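Now for the letters of each chain:
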Amino acid sequence: MTTTTPTTTKHPQQAQQRNYEDIQSKLGNGPARFVYPNERSFSQQLISLTDEQRSCYDTLKKRWEEKERGHTFPDHMYLRFARNSPGKTKFKADTAWKVMKKYDARYLNMSATKLEKQLLTKTLFLPPNLHSKDGHDVFYMRPSLYHPKQTPTQTIIDNLAYCMQSMMERSEKSETEGIAFLANMDSWTFE
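S.K.: How should I be thinking about the pairing of strand 2 (residues 138–141) in this particular structure?
M.R.: The side chains of a regular strand alternate between the sheet's two faces. Of the pairings in the sheet, the one linking strand 1 (residues 124–125) to strand 2 comprises two bridges and is antiparallel in character. Within the sheet, the bridge partner assigned to Phe 125 lies in strand 2 and is Tyr 140.

Written as structure tokens, this is what we have:
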């Protein structure tokens, strides 16, 4: 994808509109413009499940939604819980259920906007287009940029949860195989 450099002109609004139109023509319309290339849609992933895997997904969804619990999960989250159920064997409803019950609903509404100040410190973030040699998305951490006296621990945990959730949402490979982790320990000391 080529990038467009903003044009300097006497009419900055026209230049901005041309840049917007250029970007939109490359991305297209609708939510599909945010899908990573070669990623299967949620419905395609659901169709590809075995009967046993689908049963786990359906069980989790039905069990959670049959009772008022203060929040519901988006459908893709039920699949995530099933895929990542604790233990050697995945797609186990009982072990996934235990994790679901402990899930902090605050993370369902976490956004980059809410964490902007923390994300700008680049203590924890997702470097764009950085992958391990096996093709896993990379999660980057630089502990020396964390200052406990200035940033509450909960803010760092929220940042961590937001980044991890974002990684799972953007790539089926991340959700099924895991992610890579890179810790830059430069300038890090105990204080």
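On we go from here.
S.K.: How should the sheet that holds strand 3 (residues 180–183) be read in this particular structure?
M.R.: Each strand in a sheet pairs with another by means of backbone hydrogen bonds, the pair being arranged parallel or else antiparallel. What the three strands build is an open sheet, ordered 1-2-3; its pairing is mixed. Two strands bound the open sheet, and with one partner strand each, they are strand 1 and strand 3. Note that strand 2 and strand 3 share four bridges and pair parallel. Looking across to strand 3, one finds that Phe 139 is bridged to Phe 181.

S.K.: Can you walk me through the nonpolar core in this structure?
M.R.: Inside soluble globular proteins, nonpolar side chains tend to come together where they are buried. Grouped together as the largest cluster of nonpolar side chains are 30 residues, with contacts concentrated most on Leu 60, Phe 73, Tyr 78, Phe 81 and Met 100. Counting only elements with at least two residues in this core, the list comes to helix 3 (51–65), helix 4 (75–83), helix 5 (93–102) and helix 7 (153–170).

S.K.: Can you help me understand helix 4 in this one?
M.R.: Side chains that are three or four residues apart share a direction in an α-helix, a result of its 3.6 residues per turn. Among the nine residues that make up helix 4, seven are buried, leaving the element largely enclosed by the rest of the structure. Among all positions in helix 4, only Met 77, Tyr 78, Leu 79, Arg 80, Phe 81, Ala 82 and Arg 83 are buried. Each element contacted by the buried residues of helix 4 is listed here: helix 2 (42–47), helix 3, helix 5, helix 7 and helix 8 (172–177).

S.K.: What exactly am I supposed to notice about a positive patch on the surface here?
M.R.: Taken together, the side chains of Arg 63, Lys 98, Lys 101 and Lys 102 make up a positively charged region of the molecular surface. Overall, Lys 98 belongs to the exposed group, its relative accessible area being 54%.

S.K.: I keep staring at the packing of aromatic side chains and nothing clicks. Help me out?
M.R.: What characterises a pair of aromatic rings is the spacing of the ring centres plus the angle enclosed by the ring planes. Tallied over the full model, the rule gives ten aromatic pairs. Relative to Phe 73, the ring of Trp 64 has its centre 4.9 Å away and its plane inclined at 50 degrees; by these criteria the two rings are tilted. Here Trp 64 matches Phe 73 in class, with each residue buried. On the basis of an interplanar angle of 75 degrees and a centroid distance of 5.5 Å, the ring pair of Phe 73 and Tyr 103 is categorised as edge-to-face. Of this pair, Phe 73 sits in the loop between helix 3 and helix 4 while Tyr 103 sits in the loop between helix 5 and helix 6 (116–120); the two residues are 30 residues apart in sequence, bridging distant segments of the chain. Chaining the aromatic ring pairs together yields one cluster made of Phe 42, Tyr 57, Trp 64, Phe 73, Tyr 78, Phe 81, Trp 97 and Tyr 103. The ring of Trp 64 has Arg 69 sitting right over it, with the charged end atom 5.0 Å from the ring centre. Of note, Arg 106 hangs over the ring of Tyr 107, and the distance from its end group to the ring centre comes to 4.9 Å.

S.K.: Before we go on, may I ask you to explain the pattern of salt bridges in this structure?
M.R.: Side-chain pairs of opposite charge can arise where the charged atoms are in close proximity. With the rule as written, the count across this model stands at twelve salt bridges. Among the salt bridges present, the one from Lys 92 reaches Glu 52, with a minimum N-O distance of 3.7 Å. Here Lys 92 is found in the loop between helix 4 and helix 5, whereas its partner Glu 52 is found in helix 3, with 40 residues between them in sequence. Relative accessible area serves as the criterion here: at 56%, Glu 52 is assigned to the exposed category. Here the salt bridges share partners, and the residues they tie into one network are Arg 40, Arg 80, Arg 83, Glu 172 and Glu 175.

Thresholds applied
Residues numbered from 1 in each chain as written. Predicted model: local features only at pLDDT ≥ 70, side-chain atom pairs only at ≥ 80, totals over all residues. Heavy atoms only, no water. Pairing = 2+ DSSP bridges. Helix = DSSP H or I, 4+ residues; strand = E, 2+ residues; numbered from the N terminus. Core = buried A, V, L, I, M, F, W, Y, C linked by side-chain atoms within 4.5 Å. Buried < 20%, exposed > 50% of the residue type's maximum accessible area, 1.4 Å probe, protein only. Contact = heavy atoms within 4.5 Å. Patch = residues over 30% accessible without salt bridge, like charges linked within 9 Å, V, L, I, M, F, W, Y side chains within 5 Å. Areas by Shrake-Rupley, 256 points an atom, 1.4 Å probe, with all protein chains shown as cover. Salt bridge = Lys/Arg side-chain N within 4 Å of Asp/Glu carboxyl O. Lys, Arg positive; Asp, Glu negative; His and termini not counted. Charge placed at Lys NZ, Arg CZ, Asp CG, Glu CD. Phe/Tyr/Trp six-rings, centres within 6.5 Å; stacked < 30°, edge-to-face > 60°. Lys NZ or Arg CZ within 6 Å of the ring centre and 35° of its normal.

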